[in-house]
Amino acid sequence: MSVQAMTGSDYRNARRTFLIITHMRKVLIIASSILLISHLVYSQAVYEEERYVPETDPLALAKIEQWQELKFGLLMHWGAYSQWGIVESWSLCPEEYGWCVRTKGSNPNDYFTYKREYENLALTFNPVKFNPEKWAKAAKAAGMRYMVFTTKHHDGFTMFDSKYTDYKVTGSKSIFRQHPKANITKEIFDAFRSQDIWTGAYFSKPDWNSEYYWDPKYPPRDRNVNYEPEANPDRWQKFIDFTHNQILELMTDYGKVDILWLDGGWVAKTPKGQITDWYRGQLGEQNVNGYLKHRIVNQDINMDDLVVKARKKQPGLIVVDRAVHGKNQNYLTPENRVPEKPLPFPWESPMISGGGWSHTFNAKYMSGHKAIHLLVDIVSKGGNLLLNIAPGPDGTWQQGAYDLLEEYAAWMEVNSQAIYETNAMAPYKEDKVAITQKKDGTVYFLYMADENETTMPAQIKVKSLQPAIKAQVSLLGKGKLRWKNEGDGFVVTIPEKWRKNPPANYVWTIKVSALK
């Protein structure tokens, strides 16, 4: 129907239809933006539940269940960048974010000079005081039951003796290559295994040193591959092969590996719809000039095939393809934060203990009070704590790291049974009391003392749970307690002699053998 032939009624109907369609388009755009925000705001528990895809491999499922009982692990970021005391890798990335700022080198404002000097750190990296056995013993004493080590970060510097690159700690020009412990990853894995601590290999999927990821024909644009993979299939296939080969080296030549912890979630198979939604969100109302700090690019490295090959080498291997939706993310890793409430799937919080993820000169470590409360908070919500400690360029931990682990060791000596092999239990926390539960029905009520609270209260109350009639109620590290029901809960009385001489610092645990 032509506009000239329209009646007034026709015009009004057409305009109404146009307005409805326009409104629907706006709604769709807003909805897409909301979905994008949900993707970025990873902390939403409901969203995380929707994004979790359970594993189907029976051996891996059993291993994940065992991992959930370990509760406390060690993460170590270490590489040649430790010599400068800077953020790991990211200063190589030409993006305008705070974590990419360049502050070292002869001319940090000249990107290519900086990149050359950064990569030359591999030639002077000489951690002659490297003693992984000392680290493993300290971790064991602190109660850590698994560890994850950065075998390679985004910069591509390989902390193991890979056959597929010379940019490695054992490289032909490395000053450290003749050292008896030059193959750092192997030494670390062996030392921690000797303490019955699970081993995990952190591995960066992007590699900013590989010519098959950042083609030297072009300058780097951002964190992503700097050429179009679909238009250069041979080069991209070489990068896929390179990545698979390095991971399979770790799965083959380094003994038992329990966890493959993959970082760089932007290297993933990314459907057109997800790409379109991402750009639509980035170019929304907040973006007035069209400038984007980085892109999103489909970067399919055949992850499903890689996992199958890796599990042939390491049956039951836990795979954590971080921030990539799908079954290859066996547990989720909310980074440097603790969710507000329990999450209905396996998860851990990687947390900085002092300084940054990588070595920081004169780092200040968290207090014992904060550290113990952090562990209790995470475990009471059903998660694991993965605590990061960053070795220095000489191969040592700072004294602050040892001091912190000694705080854990002293507390765990009394209270570890309230941590290991426990589950979250509603209401999870009441006021200052966190709650965990064993499979046999034993329940632990962990009183989280205030910063300067060193004397135990005369009474500790729980509002919503009650011991069974013949239950045994005790204070870990001391002995049996008197208790009585009060309303829907119960109250315990702390003997005066124990109040001024608590069994541990920071958190005190009441054990109840059974609830009503």
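Residues numbered from 1 in each chain as written. Predicted model: local features only at pLDDT ≥ 70, side-chain atom pairs only at ≥ 80, totals over all residues. Heavy atoms only, no water.

**Some thoughts on the packing of aromatic side chains**
So, step 1. Within the structure shown, the criterion is met by 32 aromatic pairs.
So, step 2. Centroid distance Trp-84 to Tyr-114: 5.6 Å. Interplanar angle 45 degrees. Geometry classified as tilted. Residue Trp-84 is located in the loop between strand 1 (72-76) and helix 4 (111-119), and its partner Tyr-114 is located in helix 4; the two are separated by 30 residues in the primary sequence.
So, step 3. Relative accessible area serves as the criterion here: at 1%, Tyr-114 is assigned to the buried category.
So, step 4. The cationic tip of Arg-102 hangs over the ring face of Tyr-114; the distance from NZ or CZ to the ring centre is 5.9 Å.
So, step 5. The side chain of Arg-223 reaches across the aromatic face of Trp-266, ending 5.3 Å from its centre. (Phe/Tyr/Trp six-rings, centres within 6.5 Å; stacked < 30°, edge-to-face > 60°. Helix = DSSP H or I, 4+ residues; strand = E, 2+ residues; numbered from the N terminus. Buried < 20%, exposed > 50% of the residue type's maximum accessible area, 1.4 Å probe, protein only. Lys NZ or Arg CZ within 6 Å of the ring centre and 35° of its normal.)

**A short note on the confidence of the model for the protein**
So, step 1. In the predicted model, the protein carries a mean pLDDT of 92, and 90% of its residues have values of at least 70.
So, step 2. Scored below 50 in pLDDT, residues 1-49 makes 30 contacts in the model with residues more than four places away or belonging to other chains. (pLDDT = per-residue confidence, 0-100. Contact = heavy atoms within 4.5 Å.)

**Here's the deal with the environment of Thr-243**
So, step 1. Mapped onto the fold, Thr-243 is located in helix 8 (residues 233-253).
So, step 2. Relative accessible area serves as the criterion here: at 1%, Thr-243 is assigned to the buried category.
So, step 3. Separated by 120 residues in the primary sequence, Thr-243 and Leu-123 place their C-alpha atoms 23 Å from one another.
So, step 4. Once residues within four sequence positions are removed from consideration, Thr-243 is found in contact with Phe-203, Lys-205 and Ile-301.

**Brief notes about the pairing of strand 11 (residues 459-462)**
So, step 1. Where burial is concerned, the two faces of strand 11 differ: the one with Ile-460 and Val-462 is buried and the one with Gln-459 and Lys-461 is not.
So, step 2. Across 4 bridges, strand 11 lies against strand 15 (residues 489-493) in antiparallel orientation. Bridging from a neighbouring strand, Val-462 pairs with Phe-490 of strand 15. (Pairing = 2+ DSSP bridges.)

**Considering the side chain of Glu-430**
So, step 1. Its location among the elements puts Glu-430 in strand 8 (residues 422-430).
So, step 2. Despite its burial, Glu-430 pairs with no opposite charge, the nearest such side chain being Lys-463 at 6.3 Å.
So, step 3. From its side chain, Glu-430 meets the backbone nitrogen of Lys-463 in a polar contact 2.6 Å long.
So, step 4. Each residue touching Glu-430, except ones within four places of it in the same chain, is listed here: Val-462, Lys-463 and Ser-464. (Lys, Arg positive; Asp, Glu negative; His and termini not counted. Salt bridge = Lys/Arg side-chain N within 4 Å of Asp/Glu carboxyl O. Polar contact = N/O pair within 3.5 Å; in protein donor to acceptor, adjacent residues only side chain to side chain.)

**Thoughts on the nonpolar core**
So, step 1. Grouped together as the largest cluster of nonpolar side chains are 106 residues, with contacts concentrated most on Ile-184, Ile-188, Phe-192, Trp-397, Tyr-408 and Trp-411.
So, step 2. With residues near it in sequence (within four places) discarded, Trp-411 still touches Ile-372, Leu-375, Val-376, Ile-419, Leu-446, Ala-504, Asn-505, Val-507 and Thr-509. (Core = buried A, V, L, I, M, F, W, Y, C linked by side-chain atoms within 4.5 Å.)

**Section: the pattern of salt bridges**
So, step 1. What the rule picks out here adds up to 27 salt bridges.
So, step 2. Asp-161 is the partner of Lys-168 in a salt bridge, and the nearest nitrogen-oxygen pair spans 3.2 Å.
So, step 3. Its relative accessible area of 37% is what places Asp-161 among the partly exposed residues.
So, step 4. Residues Arg-322 and Asp-263 are paired through a salt bridge, measuring 3.1 Å at the closest nitrogen-oxygen approach. Placement of the pair is Arg-322 in the loop between strand 5 (318-321) and strand 6 (348-352) and Asp-263 in strand 4 (residues 259-263), with a sequence separation of 59 residues. Pair check on accessibility: Arg-322 and Asp-263 agree, each one buried.
So, step 5. Linked by salt bridges that have partners in common, Lys-63, Lys-256 and Asp-258 make up one network.

**Some details on helix 3 (residues 58-68)**
So, step 1. Of the positions making up helix 3, those classed as buried are Ala-60, Lys-63, Ile-64 and Trp-67. On an axial view of helix 3, the arc spanned by its buried residues comes to 105 degrees, and they lie on one face.
So, step 2. Two or three places before Leu-59, at the start of helix 3, stands the capping residue Asp-57, its side-chain oxygen 3.1 Å from that residue's backbone nitrogen. (Arc of directions from axis to C-beta.)

**Quick word on the packing of helix 8 against helix 10 (residues 303-313)**
So, step 1. At a minimum axis separation of 9 Å, helix 8 and helix 10 run at an interaxial angle of 20 degrees. In terms of orientation, helix 8 and helix 10 fall into the roughly parallel class. Considering only the axes of helix 8 and helix 10, their crossing is right-handed. Across the interface between the two elements, His-244, Ile-247, Leu-248, Met-251 and Thr-252 of helix 8 pack against Leu-306, Lys-309, Ala-310 and Lys-313 of helix 10.
So, step 2. Per-class residue counts for the contact of helix 8 with helix 10 are 5 nonpolar, 2 polar and 2 charged. (Axes fitted to C-alpha atoms, helices over the stretch in contact; angles between N-to-C directions. Parallel < 35°, antiparallel > 145°, perpendicular 65-115°, else oblique. Left-handed = near helix turned anticlockwise from the far one by under 90°. Nonpolar A, V, L, I, M, F, W, Y, C, P; charged D, E, K, R; others polar.)

**What about the sheet that holds strand 13 (residues 479-480)?**
So, step 1. If you walk across this open sheet you meet the 6 strands as 8-9-10-16-12-13, and the pairing is antiparallel. Of all the strands in the sheet, just strand 8 and strand 13 have a single pairing partner and so form its edges.
So, step 2. Where strand 12 (residues 473-475) meets strand 16 (residues 507-512), 3 bridges bridge the pair, whose relative direction is antiparallel. Of the residues in strand 16, the one forming a bridge with Ser-474 is Lys-511.
So, step 3. Where helix 11 (residues 368-380) meets the sheet, it contacts strand 8, strand 9 (433-438), strand 10 (443-448) and strand 16, and its direction lies at approximately 55 degrees from that of strand 9.

**Thoughts on unusual backbone geometry**
So, step 1. Of note, the bond from Ala-426 into Pro-427 is cis; its omega dihedral lies within 30 degrees of zero at 5 degrees.
So, step 2. Considering the arrangement of structural elements, one finds Pro-427 in strand 8.
So, step 3. Even without being glycine, Asn-302 reaches a positive phi, approximately 55 degrees.
So, step 4. Of note, Asn-302 is situated in the loop between helix 9 (272-282) and helix 10.

**Quick word on the packing of helix 6 (residues 132-142) against helix 7 (residues 184-193)**
So, step 1. Packing of helix 6 against helix 7 brings their axes to within 8 Å, and their N-to-C directions diverge by 40 degrees. Along this stretch, helix 6 crosses helix 7, giving a crossing that reads as right-handed. Touching Pro-132, Glu-133, Trp-135, Ala-136 and Ala-139 of helix 6 are Glu-187, Ile-188, Ala-191 and Phe-192, all from helix 7.
So, step 2. Here the contact of helix 6 with helix 7 is composed, by residue class, of 7 nonpolar, no polar and 2 charged.

**Description of the sheet that holds strand 2 (residues 146-152)**
So, step 1. Here 7 strands make up an open sheet; going across it, the order is 5-4-3-2-1-7-6 and the pairing parallel. Either end of the sheet is taken by a strand with one partner, and the two such strands are strand 5 and strand 6. Each neighbouring strand pair of the sheet contributes to a mean axis angle of 20 degrees, computed without reference to strand direction.
So, step 2. Where strand 4 and strand 5 come together, 4 bridges link them in parallel fashion. Within the sheet, the bridge partner assigned to Ile-259 lies in strand 5 and is Ile-318.

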